[in-house]
Amino acid sequence: MNRAGGEKAETWDAFRQLLAEQTQGKLILLTVEETERMIGENDAVLTYHVNSPDDLAPMRHAIRIYIEGVCLPSKRLFHYLVAVNEAATNALLYGKNVSVQILQMKEEPFCRIAVSDCGEGIPFGELPKAVLLRGYSKRNTLGVGFPVMLHYTDRLWLSTSQNGTVLMLDLALDLPATRKVKM
């Protein structure tokens, strides 16, 4: 690896560590390869394409219908839908070809929704500001998307490159050990 590539890798690792520390381990920065592997390990049980803001309400409804059977308290489900809506709204604002997928977790007791776009990604040098600073926005918005997502999810996975961004939002399922849920 050349010096420039090594320095970028070291900076990326420092950003990964910084974001994890500043969010108490809730935000995990992933490489594109790690993201593809995580998505590939699970089956997409629902895929919803969001082409305009008009698609957000039907998207939330479709997700609610699918995961209501998990017996989450309604307030927790509502907050999770707010976080997913924020992710999809950001993807619409900064990207195109927005896809929202509910992933069937094979090993972990989480509901995981992946929101992806084919935008320009979050510029590498802006990652800490974009994620950690409340009110930071490159557009005319409130800049509260990441704080909202971090507050209402149990874990947030982020992968971004010049080809787009993927956010995976996890919500822990507090299920009795004997109960099986189809997700």
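A.B. asks: Can you lay out the packing of helix H3 (residues 56-67) against helix H4 (residues 74-94) for me, pointing to particular residues and giving the numbers?
C.D. replies: Where H3 contacts H4, the axes come no closer than 10 Å and their chain directions differ by 140 degrees. Judged by the angle between their axes, H3 and H4 are oblique. When you trace H3 past H4, the crossing you get is right-handed. Of the residues in H4, those touching H3 at Leu56, Met59, Arg60, Ile63, Arg64 and Ile67 are Leu77, Phe78, Tyr80, Leu81, Val84, Asn85, Ala88, Thr89 and Leu92. Counted by class, the contact of H3 with H4 contains 11 nonpolar, 2 polar and 2 charged residues.

A.B. asks: I'd like a rundown of the side chain of threonine 160, residues and numbers included.
C.D. replies: Tracing the backbone through its elements, the reader meets threonine 160 in strand S5 (residues 155-161). Within the structure, threonine 160 has its side chain in polar contact with the side chain of threonine 165 (distance 2.8 Å). Filtering out sequence-adjacent residues up to four positions away, threonine 160 remains in contact with Gly121, Ile122, Leu127 and Thr165.

A.B. asks: Provide a residue-level description of H4, including the pertinent values.
C.D. replies: With 21 residues, H4 should reach 30 Å at 1.5 Å per residue; the first-to-last C-alpha distance of 30 Å fits that figure. Of all the positions in H4, only Leu77, His79, Tyr80, Leu81, Ala83, Val84, Asn85, Ala87, Ala88, Asn90 and Ala91 are classed as buried. In this structure, the buried side of H4 is in contact with H3, strand S3 (98-104), strand S4 (110-116), helix H6 (145-152) and strand S6 (164-172).

A.B. asks: Explain the pattern of salt bridges residue by residue, including any values.
C.D. replies: If you walk through the whole model with that rule in mind, you get 5 salt bridges. One salt bridge connects aspartate 154 with arginine 76, and the closest N-O pair in it is separated by 2.7 Å. Here arginine 76 lies in helix H4 and aspartate 154 lies in the loop between H6 and S5, a separation of 78 residues in the sequence. You can call arginine 76 partly exposed: its relative accessible area is 25%. For arginine 112, the salt bridge goes to aspartate 170, with nearest N and O atoms at 2.6 Å. Remark: aspartate 170 occurs in strand S6 and arginine 112 occurs in strand S4; sequence separation between them is 58 residues. Through salt bridges with shared partners, one network takes in Arg112, Arg155 and Asp170.

A.B. asks: How would you summarise the nonpolar core if you had to cite specific residues and measurements?
C.D. replies: Ranked by internal contacts, the top residues of the largest apolar core, which has 39 residues, are Ile63, Val100, Ile113, Val115, Leu158 and Leu169. Per-element accounting of this core gives the leading share, 8 residues, to H4. Residues in contact with isoleucine 63, not counting those within four places in the same chain, are Leu46, Leu81, Val84, Val100, Ile102 and Ile113. Met38, Leu103, Ala114 and Met168 belong to the second largest nonpolar core, which has 8 residues in total.

A.B. asks: Hey, could you go over the packing of aromatic side chains for me, with residue numbers and the actual values?
C.D. replies: Scanning the entire structure with this criterion turns up 1 aromatic pair. When the centroid spacing of 5.0 Å and the interplanar angle of 40 degrees are considered together, the rings of phenylalanine 15 and phenylalanine 124 count as tilted. You can see phenylalanine 15 sitting in helix H1 (residues 3-22) and its partner phenylalanine 124 sitting in the loop between S4 and helix H5 (127-132), a full 109 residues away along the chain. Relative accessible area serves as the criterion here: at 27%, phenylalanine 124 is assigned to the partly exposed category. The cationic tip of arginine 155 hangs over the ring face of phenylalanine 110; the distance from NZ or CZ to the ring centre is 4.2 Å.

Cut-offs applied
- Residues numbered from 1 in each chain as written.
- Predicted model: local features only at pLDDT ≥ 70, side-chain atom pairs only at ≥ 80, totals over all residues.
- Heavy atoms only, no water.
- Axes fitted to C-alpha atoms, helices over the stretch in contact; angles between N-to-C directions.
- Helix = DSSP H or I, 4+ residues; strand = E, 2+ residues; numbered from the N terminus.
- Parallel < 35°, antiparallel > 145°, perpendicular 65-115°, else oblique.
- Left-handed = near helix turned anticlockwise from the far one by under 90°.
- Contact = heavy atoms within 4.5 Å.
- Nonpolar A, V, L, I, M, F, W, Y, C, P; charged D, E, K, R; others polar.
- Polar contact = N/O pair within 3.5 Å; in protein donor to acceptor, adjacent residues only side chain to side chain.
- Expected span 1.5 Å × (residues − 1).
- Buried < 20%, exposed > 50% of the residue type's maximum accessible area, 1.4 Å probe, protein only.
- Salt bridge = Lys/Arg side-chain N within 4 Å of Asp/Glu carboxyl O.
- Core = buried A, V, L, I, M, F, W, Y, C linked by side-chain atoms within 4.5 Å.
- Phe/Tyr/Trp six-rings, centres within 6.5 Å; stacked < 30°, edge-to-face > 60°.
- Lys NZ or Arg CZ within 6 Å of the ring centre and 35° of its normal.

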